[in-house]
Amino acid sequence: MGRRRSGRPVWLVAAALLLLLGGCRIGTSDNVSLPPRAGAWSIDYLGPPGQVQMADLAAVSATEAWAVTEKRGSAGSWKPGLLRLLDGRWSAVQIPAQLRAQPWLRLAAAGPRSVWLYPDAWGGVLPQKTGDAPSGPWERCPALRWDGTRWHQVPLGFPPVDLDVVSPDDAWALDASGAARHWTAPGGGPCRYRPAASTSRRELRTMCASPGTRHSTRVTP
């Protein structure tokens, strides 16, 4: 007579196989989220205290970014500057001649080959009341678009207060009157700005666009 083998019951083995093949989880639920990973902020650039400070920042990748700086002058005024982070180092970049006379500059970007530098008609300070005029006179000047190699001039027929870039040939802007404007360069054709929507009240304050967007959003403060 052969020796009887002692083993686990067949039903127990089958249950184990079902768990492995079906991906079942015991004691957990599919809608249970894991706690977020802890992160930490670190200072990447800090200018001399009271002399140079960053005023605006546009990151285009994990290792590349652009920044507008403000440097205190002898008379107490602030002069804008431009920095670029590349290969782990911040370096000064000369502001294009078309914008050197502008006291306030801002950045917007959609990638390394789509960086915009433009004048800020409000000087970084929102108006106290809806529809207020820009702070100080605005001198007509263009925006500059970086394609990864050089700057391209984009004419502006309005004082911009905010700008958002979707792609190298698609951008949105708000002017000081509260109108949303859309810039497109379809098929490599001529670039143009056009009003995206008419507003009966001057309520627009900031612009945020995403790929495929073809409408403006009215924001009431």
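The text that follows walks through the structure, step by step, so that each part is easy to find. Please read these numbers as outputs of a predicted model, since none were measured by experiment.

The rules behind the values
- Residues numbered from 1 in each chain as written.
- Predicted model: local features only at pLDDT ≥ 70, side-chain atom pairs only at ≥ 80, totals over all residues.
- Heavy atoms only, no water.
- Salt bridge = Lys/Arg side-chain N within 4 Å of Asp/Glu carboxyl O.
- Helix = DSSP H or I, 4+ residues; strand = E, 2+ residues; numbered from the N terminus.
- Buried < 20%, exposed > 50% of the residue type's maximum accessible area, 1.4 Å probe, protein only.
- Phe/Tyr/Trp six-rings, centres within 6.5 Å; stacked < 30°, edge-to-face > 60°.

Tallied over the entire structure, the rule returns three salt bridges. Note that Asp 120 and Arg 106 form a salt bridge whose closest N and O atoms lie 3.5 Å from each other. In this pair, Asp 120 is assigned in the loop between strand E6 (114-119) and strand E7 (143-146) and Arg 106 in strand E5 (residues 105-111), connecting sequence segments 14 residues apart. On the basis of relative accessible area, Asp 120 is assigned to the buried category, the value being 8%. Of the charged contacts in the structure, one is a salt bridge between Arg 181 and Asp 175, with a shortest N-O distance of 2.8 Å. Of the two residues, Arg 181 and Asp 175, both sit in the buried class.

Enumeration over the complete set of coordinates arrives at five aromatic pairs. Measuring from centroid to centroid gives 5.8 Å for Tyr 45 and Trp 90, while their planes differ by 55°, and the two rings are tilted. Placement of Tyr 45 in the loop between helix H1 (10-22) and strand E1 (52-59) and of Trp 90 in strand E4 (residues 89-93) is noted, with a sequence separation of 45 residues between them. On the basis of relative accessibility, which here comes to 30%, the residue Tyr 45 falls in the partly exposed class. Note on Trp 90: relative accessible area 17%, which makes it buried. Ring centres 5.7 Å apart and planes at 70° place the aromatic pair Trp 66 and Trp 151 in the edge-to-face group.

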